[in-house]
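Secondary and tertiary structure notes
The chain contents come next:
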Amino acid sequence: MDDPSLRIRPMTLDDCDRVSEIRVRGWRHAYRGLMPQPYLDALSVARDAERRRTWFAQGNGAVVNLVAERGGEVVGWAAYGPYRDGEVRTADAELYAIYLDPDHLGTGVGRALLAESAERCAGYPRMFLWVLKENTRARRFYERAGFRWDGAEEPFEAGGELVPEVRYARTLGG
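Residues numbered from 1 in each chain as written. Predicted model: local features only at pLDDT ≥ 70, side-chain atom pairs only at ≥ 80, totals over all residues. Heavy atoms only, no water.

1. Here's the deal with the nonpolar core
Definition in use: The term nonpolar core refers to a set of buried residues drawn from Ala, Val, Leu, Ile, Met, Phe, Trp, Tyr and Cys, joined through side-chain atoms within 4.5 Å. Think of it in three bands: residues with accessible area under 20% of the maximum for their type are buried, residues over 50% are exposed, and the middle band is partly exposed, with areas taken using a 1.4 Å probe on protein chains only. In this description a helix means any DSSP run of H or I spanning at least four residues, a strand means any run of E spanning at least two, and both kinds are numbered starting from the N terminus. We call two residues contacting when some pair of their heavy atoms lies within 4.5 Å.
If you look at the biggest cluster of nonpolar residues, it comprises 27 residues, and the most contacted ones within it are Leu95, Leu113, Met127 and Tyr142. If you tally residues by element for this core, the top one is helix α4 (residues 109-120), at five residues. Those residues in contact with Tyr142, other than ones at most four positions away along the chain, are Leu95, Ile98, Leu114, Leu129, Val131, Phe147 and Tyr168.

Take a look at the structure:
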């Protein structure tokens, strides 16, 4: 990482409110026109933060949450862990989420979070992630990082509508 003002670190309980704000703003920005607007409008930072604090407190270490700080401000978040194939855990890793404050898109924060997540998963053979099929910006981002669509597609239910997601994979070190 060549930006000395950018620091990737493990998320703490104190980061939950800011991470929820980033997640909700990120969804509203990235998924406008791709998901039903009433669904996006109904997202609540407070409800998300409460859920996040509960998950964080009950976490068993399988899910790792990282935050990106620039100048002391949390501007991005990523979560990864074992690949979830339904309820079955495989030998692979999965990037569950990566979101940035929309004001920090295109600044290298996302690349740094993705690189750190993949590096920390180097013991796994592969890393998977799911992305909305129509989210071309995100798909290009992942493709530039070496991920490729592997042909898998599943619907994601959002506000009563099915939104197609596609699965991407990248070989790691494992």
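Still more to cover.
2. Considering the pairing of strand β6 (residues 148-158)
Filter applied, for reference: Only strands joined by at least two bridges in the DSSP assignment are considered to pair.
As paired strands, β6 and strand β7 (residues 161-171) are joined by eight bridges and run antiparallel to one another. Residue pairing in the sheet places Glu157 in a bridge with Leu162 of β7. Counting the residues between successive antiparallel strands, the hairpin from β6 to β7 contains two residues, one of them, Gly159, with a positive phi of roughly 60°.

3. Thoughts on the environment of Arg9
With respect to the helices and strands, the residue Arg9 is situated in strand β1 (residues 6-10). According to the relative accessible area criterion, Arg9 is buried, its value standing at 12%. Setting aside anything within four residues of it in sequence, one finds Arg9 in contact with Asp15, Asn65, Leu66, Val67, Glu69 and Val74.

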